[in-house]
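A structural walkthrough
Next come the chains, spelled out residue by residue.
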Amino acid sequence: MRLVEVSDMEGTVLVTGAAGFIGSHVVRELLGQGFAVRATVRNPTNAEFLKNLPKAENLEIVQMDLLERGSVDAAVAGCEDVIHCAAALYVGAKDPQREVVDPSIQGTQNLLDAIDAGGGINRLIHTSSVAAVRRNESKNGQTFSNTDWCDDASVESNAYGFAKAGAERLAREWVGSKPDSDRPRYVSINPSIVFGPVMSERHLKGSMTIIDHLLKRKPPVLLKMHMNIVDVRDVASAHVRALTEGKDGGRYIVFNASMWMPEVNAVLRKQIPDRKWPRVVLPKSLSYVMSIFHPQISVGWVKRNIGTSCEYDSSPANEELGMKWTPVESSIVDGARSAIEAGWR
């Protein structure tokens, strides 16, 4: 497999953000099921690991920037289906508007415009998030469903939720504006916190930052943080299933089980006992103090997330996509071990 120029590949599935944590697993799942895949990446160097996937002879890697319309047009041309996984991470963002919101919303708009210009797309599967579902202001212990929206977010208060909800609504409005004869099948997949095996060291950012924090013990404390967990392999399966299964226009929360950070840490201590793991649980009051100095934690984040919990209703994904969930302990341990075995941690 080599980096190639964009070419017409009949029946090809375009995967945006293919070098990302979810995107790379979607590529693996598609190849495993016999699809031809066009994988888009901003920097082909970051996608070298995709060349080692089974059936990589059916993989085409294309350089594309969602904010450069010409490159998006070229990537879409000749494809029949699109799985839009590309998204900006909030972790470490210094300019949320430019680094998080614009790539998500303007990038999605450019993709939709490219589909309009080129035509021929039969199915559009969109990676959204439970961040597009959960409101900033909610009751402790509240259960959210696929009818809920994060409609009280802003760039200042919750840039990631604002971006994910905005991009998903943009895509849904675009689909809804089409006549029946020209309307592609559209499904959004809304994952919770995603754990599981990583294929690149870059995948230890985003959701896997939590596992990475425990692996590095920096800082060597545990937060009283509640996590709604799903395996990245299940997330990939949901995307590919959604090409043919589930409702047209469906919105599927993919979520398996919830655990507190100390419980996740206890699983790792038991299953990987030869490493040192954090032991001290930080009180919420001291979490506020830490947020002053920690580049990835804000006071608002501590208020919303430390000592509070919520749940998600994933029954539509179970019933309509036929999802079967990987045991949550495997998601945790396989994620940590993949980083250790690769020599990254």
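Structure: above.
Residues numbered from 1 in each chain as written. Predicted model: local features only at pLDDT ≥ 70, side-chain atom pairs only at ≥ 80, totals over all residues. Heavy atoms only, no water.

**A word on the overall build of the protein**
The following threshold applies: Working definition: helices are DSSP H or I runs of at least four residues, strands are E runs of at least two. Numbering for both runs from the N terminus. Radius of gyration: over C-alpha atoms. The globule rule applied is 2.2 Å multiplied by the number of residues raised to the 0.38 power. Only protein chains enter the accessibility calculation, which uses a 1.4 Å probe; a residue is then buried when its area is under 20% of its type maximum, exposed when over 50%, and partly exposed in between. The contact definition used throughout considers only heavy atoms, calling two residues in contact when any of these lie within 4.5 Å. For the accessible areas, the method is Shrake-Rupley and the probe is 1.4 Å, while residue cover comes only from the protein chains on display.
The secondary structure content of the protein amounts to 11 helices and 14 strands. For the protein, the C-alpha radius of gyration of 20 Å lies close to 20 Å, the compact-globule estimate for 345 residues. On the principal axes, the C-alpha backbone points of the protein span a range of 55 × 40 × 40 Å. With 345 residues in all, the protein has 51% of them scored as buried. Across the protein, the fraction of contacts at a sequence separation of at least 24, relative to all contacts at a separation of at least 6, is 76%. For the protein, the exposed area adds up to about 15100 Å²; of that, 48% sits on carbon and sulfur atoms.

**Considerations on the sheet that holds strand β8 (residues 193–195)**
Let me state the cut-off plainly: Two strands form a pair only when DSSP identifies at least two bridges running between them. Lines fitted to C-alpha atoms define the axes here, with helix axes fitted over just the stretch in contact, and angles between the N-to-C directions of these axes take values from 0 to 180 degrees.
Overall, mixed pairing links the three strands, which are arranged β8-β10-β12 in an open sheet. At either margin of the open sheet sits one strand with a lone partner, and together these are β8 and β12 (257–260). With strand direction ignored, the average angle separating the axes of adjacent strands in the sheet is 50°. Looking at chain direction, strand β10 (residues 226–231) and β12 are connected through four bridges and run antiparallel. Bridge pairing in β12 links Met227 to Met259. Contacts from helix α7 (residues 261–271) reach β10 and β12, with the element oriented near 90° to β12. Contacting β8, β10 and β12, helix α11 (residues 328–341) runs over the sheet at an angle of about 60° to β12.

**Comments concerning helix α5 (residues 209–216)**
Burial analysis of α5 places seven of its eight residues in the buried class, which makes it a mostly covered element. Within α5, the full set of buried residues consists of Thr209, Ile210, Ile211, Asp212, His213, Leu214 and Leu215. Contacts from the buried residues of α5 go to β8, β9 (221–223), β10, α7 and α11.

**Some thoughts on the packing of aromatic side chains**
Defined as follows: Here a pair means two rings of Phe, Tyr or Trp (six-membered ring of Trp) with centres within 6.5 Å. Their orientation is stacked below 30 degrees between planes, edge-to-face above 60, and tilted elsewhere. Any Lys NZ or Arg CZ found within 6 Å of a ring centre and within 35 degrees of that ring's normal is scored as a charge over the ring.
Across all of its chains, the model carries two aromatic pairs by this definition. Geometrically, the ring pair formed by Phe255 and Tyr312 is edge-to-face, given 6.1 Å between the ring centres and 70° between the ring planes. Taken together, the residues span a long stretch of sequence, with Phe255 in the loop between β11 (251–254) and β12 and Tyr312 in strand β14 (residues 310–312) at a distance of 57 residues. A residue is classified by how much of its surface remains accessible, and Phe255, at 5% relative accessible area, is buried. Taken together, the ring pairs in this structure connect Phe144, Phe255 and Tyr312 into an aromatic cluster. Above the ring of Trp149, the side-chain terminus of Arg169 is found at 4.3 Å from the ring centroid. Taking the ring centre of Trp260 as reference, the NZ or CZ of Lys224 above it sits at 6.0 Å.

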